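# Secondary and tertiary structure notes
This is what each chain is made of:
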Amino acid sequence: MTAQLEAIVQFGFDNSYARLPDRFFARVAPTPVAEPRLIKLNEVLARQLGLDPAQLASPEGVEVLAGNRVPEGASPLAQAYAGHQFANFVPQLGDGRAVLLGEVVDRDGQRRDIQLKGSGPTPFSRRGDGRAALGPVLREYIVSEAFAALGIPATRALAAVTTGEAVARETMLPGAVFTRVAASHVRVGTFQYFAARSDVEGLRALGDYVIERHYPEVATAANRYRALLDAVIARQAKLIARWLNVGFIHGVMNTDNVSIAGETIDFGPCAFMDTFDPGQVYSSIDHRGRYAYANQPGIAGWNLARFAETLIPLLAEEKDAAVAEAQAGINTFGGTFEAAYRAGQRAKLGLMTERAEDSALADDLLGTMARGGADFTLLFRALCAAARDTSADLAIRGMFIDPAEIEAWLVRWRQRLGDEDGDAAARAAMMRGANPAFIPRNHLVEEVIVAAVNDADFAPFEKLLAVTARPYDDQPENARYAAGPKPEQIVRQTFCGT
Ligand code: AMP
Ligand code: MG
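Being a predicted model, the structure only gives us computed values, none of them experimental.

Thresholds, definitions, all that
- Residues numbered from 1 in each chain as written.
- Chains lettered and ligands numbered in written order.
- Predicted model: local features only at pLDDT ≥ 70, side-chain atom pairs only at ≥ 80, totals over all residues.
- Heavy atoms only, no water.
- Helix = DSSP H or I, 4+ residues; strand = E, 2+ residues; numbered from the N terminus.
- Buried < 20%, exposed > 50% of the residue type's maximum accessible area, 1.4 Å probe, protein only.
- Contact = heavy atoms within 4.5 Å.
- Near = heavy atom within 4 Å.
- Areas by Shrake-Rupley, 256 points an atom, 1.4 Å probe, with all protein chains shown as cover.
- Nonpolar A, V, L, I, M, F, W, Y, C, P; charged D, E, K, R; others polar.
- Pairing = 2+ DSSP bridges.
- Core = buried A, V, L, I, M, F, W, Y, C linked by side-chain atoms within 4.5 Å.
- Domains from an automatic or database assignment.
- Arc of directions from axis to C-beta.
- Polar contact = N/O pair within 3.5 Å; in protein donor to acceptor, adjacent residues only side chain to side chain.
- Donors = N, O, S within 2.8 Å, 3.2 Å for Na, K, Ca; no water.
- Salt bridge = Lys/Arg side-chain N within 4 Å of Asp/Glu carboxyl O.
- Phe/Tyr/Trp six-rings, centres within 6.5 Å; stacked < 30°, edge-to-face > 60°.

With that settled, the discussion passes to the overall build of the protein. A tally of regular secondary structure across the protein gives 18 helices and 12 strands. Viewed in the frame of its principal axes, the protein has a C-alpha envelope of about 70 × 60 × 45 Å. Within the protein, the fraction of its 498 residues that count as buried is 56%. Put simply, 71% of the contacts in the protein that link residues at least 6 apart link residues at least 24 apart.

Quick look at the structure:
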């Protein structure tokens with residue numbers, strides 16, 4: 001064996017999805033780009049995946065990450081899926097600009113997809129060019145890694161490369177390819193694809209695949225598909241609760257963007273809120289506010305009802321019995337969401353015990369914040385200090401147009417804290433772990449994108465990544481990154497950039 005003939009980049013792929021029936025995907029290789037250049041490699045994640053960062057950063061590795069070279073053992077394919085987009089059902093969407101290279105089993109024994117996004121056209125591209133622009137790639141990189149640091153389930157960023165090619169959007173923009181890592185890319189829309197074709201065998205194969213890969217604990221349940229439904233709903237309900245408790249707005253909660261594994265996926269026009277407003281919408285395409293902040297639990301329930309419907313052929317022999325199972329599954333969403341959401345709120349407020357009146361205490365704070373124009377992240381972080389020391393109240397009062405309402409709320413909150421036994425230090429630690437100081441604020445992400453796109457300056461990108469990698473630490477030297485936007489910095493809209 002000579003060194004020249006050996007592939008330099010070794011992934012150790014084991015591609016279970018590619019072993020599913022042919023109608024689950026289209027085999028397609030990425031389309032090479034003119035001039036691949038590595039912008040960022042996530043070395044820690046690479047090692048976690050059992051990959052060698054030096055190999056990935058080598059010229060051959062960068063060719064792989066750009067789609068110019070198909071690595072040994074890959075089974076490149078575009079997955080078929082359908083989906084409800086803004087409530088309209090589209091029977092065929094599929095990976096129009098992404099190619100799954102394959103799967104690796106990571107150091108914890110978890111199977112992970114490695115996918116190139118922006119890697120050129122596929123049979124599912126419809127009118128799209130199969131490409132991605134640099135700005136949205138950097139946004140997805142930053143937000144997915146911020147989620148990982150926050151401890152919220154999400155797909156991960158392994159790498160970003162520029163292509164040396166321009167992509168035509170409203171203007172010509174630099175092109176990029178993003179390497180995404182996911183527990184899998186199976187979506188609610190994947191189930192809808194087979195349901196829409198009345199392909200019950202396909203549905204069963206997909207259901208069994210998902211159970212084996214993501215929910216092995218339900219494999220032996222008396223009704224494994226009903227157990228699968230409940231398990232998917234539970235993960236999704238807990239995920240949405242996490243989003244709300246960090247002020248996150250996904251922006252495009254279409255059923256094709258709902259991961260069956262319960263990860264946040266497809267960071268398009270997403271954003272963290274600055275000033276708290278339950279009706280906040282950022283996405284430029286969400287004209288009616290369907291995916292506004294406070295609508296997210298309801299939309300998740302709606303999306304999961306669509307998932308439940310796809311399972312009807314598998315849930316029982318008799319149609320009526322199957323519908324009843326689907327409905328019973330759907331009915332579990334509200335309770336699971338509410339419990340997770342309220343538990344998250346109690347941690348944010350420093351409450352270790354649970355009382356019936358705690359929901360009202362939290363809701364009244366949110367209402368006060370909305371009326372007073374308080375910044376979501378700054379307010380909750382300030383409460384961590386205020387739990388120990390009333391001198392922090394000055395800063396909190398300063399966040400409100402009229403502080404009278406928050407002053408009354410602080411009195412109520414302290415009375416409630418007075419009923420808790422736990423020591424102040426433990427409470428402060430819990431609160432600081434539930435109330436991040438650093439999130440990738442919109443105006444900071446914008447700054448990163450402008451510097452990268454206009455000046456090929458990636459220093460702001462690196463800096464924001466480093467700061468948001470430690471969201472719960474005080475970083476006094478990075479105070480600028482904790483602050484809300486100045487009036488002229490406020491971002492009011494975000495774009496899919498597709
Ligand atoms: P998204 O809004 O990113 O979730 O994408 C919705 C659908 O549009 C998926 O089927 C994508 O693969 C497809 N799509 C988005 N952008 C492009 C593009 N530039 N070229 C081809 N297909 C695309
Ligand atoms: Mg999508």
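With that settled, consider the site of ligand 1. Every one of the 18 residues lining ligand 1 counts as a neighbour, but Gly94, Gly96, Arg126, Asp129 and Gly130 are closest to it. Within the complex, the protein chains bury 86% of what would otherwise be the 480 Å² of accessible surface of ligand 1. For the shell around ligand 1, the class distribution of residues is 2 nonpolar, 8 polar and 8 charged.

As paired elements, strand S2 (residues 37-41) and strand S9 (residues 156-168) share 4 bridges and run antiparallel to each other. Bridge pairing links lysine 40 to alanine 160 in S9. In sequence, S9 turns back onto strand S10 (residues 172-182) through a hairpin of 3 residues.

As a further point, take the side chain of threonine 255. Within the fold, threonine 255 resides in the loop between strand S11 (248-249) and strand S12 (271-272). Aside from chain neighbours lying at most four places away, what touches threonine 255 is Gly83, His84, Arg187, Val188, Gly189, Gln192, Trp302, Asn303 and Arg306.

The next subject is the nonpolar core. Membership of the largest hydrophobic core comes to 100 residues, with the highest contact counts inside it found for Tyr17, Leu349, Met369, Leu383 and Trp413. For this core, the leading source of residues is helix H7 (residues 224-245), giving 13 residues. A domain split of this core shows at least three residues from each of domain 1 (2-182) and domain 2 (351-432). Sequence-distant contacts of methionine 369, defined by excluding residues within four places in its chain, comprise Phe276, Ala374, Asp375, Phe376, Leu379, Phe380 and Phe400. Within the second largest apolar cluster, 25 residues are counted, among which are Phe178, Leu464, Val467 and Tyr481.

Regarding helix H15 (residues 424-434), the residues found buried are Arg427, Ala428, Met431 and Ala434. Buried residues of H15 fall within an arc of 130 degrees about the axis and therefore sit on the same side. Of the surrounding secondary structure, the elements contacted by the buried residues of H15 are helix H10 (332-349), helix H12 (376-386) and helix H14 (404-418). Two or three places before alanine 425, at the start of H15, stands the capping residue aspartate 423, its side-chain oxygen 3.2 Å from that residue's backbone nitrogen.

Moving on: the coordination of the magnesium ion (ligand 2). At 1.9 to 2.1 Å from the magnesium ion (ligand 2) lie its protein donor atoms, namely Asn257 (OD1) and Asp266 (OD). Comparing asparagine 257 with aspartate 266 shows no difference in burial state: the two are buried.

For the structure shown, the criterion picks out 41 salt bridges. Residues arginine 306 and glutamate 309 are paired through a salt bridge, measuring 2.6 Å at the closest nitrogen-oxygen approach. In this pair, arginine 306 and glutamate 309 are both assigned in helix H8 (residues 296-315), 3 residues apart and thus about one turn of the helix distant. For arginine 306, a relative accessible area of 13% puts it in the buried group. If you follow the salt bridges from partner to partner, you end up with Asp14, Arg19, Glu103, Arg111, Asp113 and Arg213 in one network.

Okay, the domain arrangement of the protein next. On domain assignment, one finds that the protein holds domain 1 (2-182) and domain 2 (351-432). For domain 1 versus domain 2, the distance between C-alpha centres works out to 42 Å.

Bringing the side chain of arginine 226 into the picture now. Its place among the elements puts arginine 226 in helix H7. Beyond its immediate stretch of four places on either side in the chain, arginine 226 contacts Leu315, Glu325, Ala328, Gly329 and Thr332.

Each pair of aromatic rings is reported with the distance of its centres and the angle of its planes. Within this structure, the stated rule accounts for 22 aromatic pairs. Aromatic side chains tyrosine 17 and phenylalanine 24 sit 6.3 Å apart centroid to centroid with 70 degrees between the ring planes, which places their arrangement in the edge-to-face category. On the accessibility criterion, tyrosine 17 (1% relative accessible area) is buried. Given the relative accessible area of 0%, phenylalanine 24 is considered buried. Relative to tyrosine 209, the ring of tyrosine 17 has its centre 5.4 Å away and its plane inclined at 85 degrees; by these criteria the two rings are edge-to-face. Taken together, the residues span a long stretch of sequence, with tyrosine 17 in the segment before strand S1 (25-27) and tyrosine 209 in helix H6 (residues 200-214) at a distance of 192 residues. Each member of the pair tyrosine 17 and tyrosine 209 is classed as buried.

Here we come to the environment of isoleucine 114. By the element assignment, isoleucine 114 lies in strand S7 (residues 111-117). Residue isoleucine 114 is classed as buried on the basis of its relative accessible area, which comes to 1%. For the pair isoleucine 114 and proline 76, spaced 38 residues apart in sequence, the C-alpha to C-alpha distance is 10.0 Å. When sequence neighbours within four positions are dropped, the list of residues in contact with isoleucine 114 reads Phe11, Phe13, Leu49, Leu51, Val99, Leu100, Leu101, Gly102, Val104, Thr179 and Arg180.

The backbone of arginine 126 sits at a positive phi, close to 50 degrees, despite the residue not being glycine. Along the chain, arginine 126 falls in the loop between S7 and strand S8 (132-133). Its identity as a non-glycine residue notwithstanding, alanine 456 has a phi of 50 degrees, on the positive side. By the element assignment, alanine 456 lies in the loop between helix H16 (442-455) and helix H17 (459-468).

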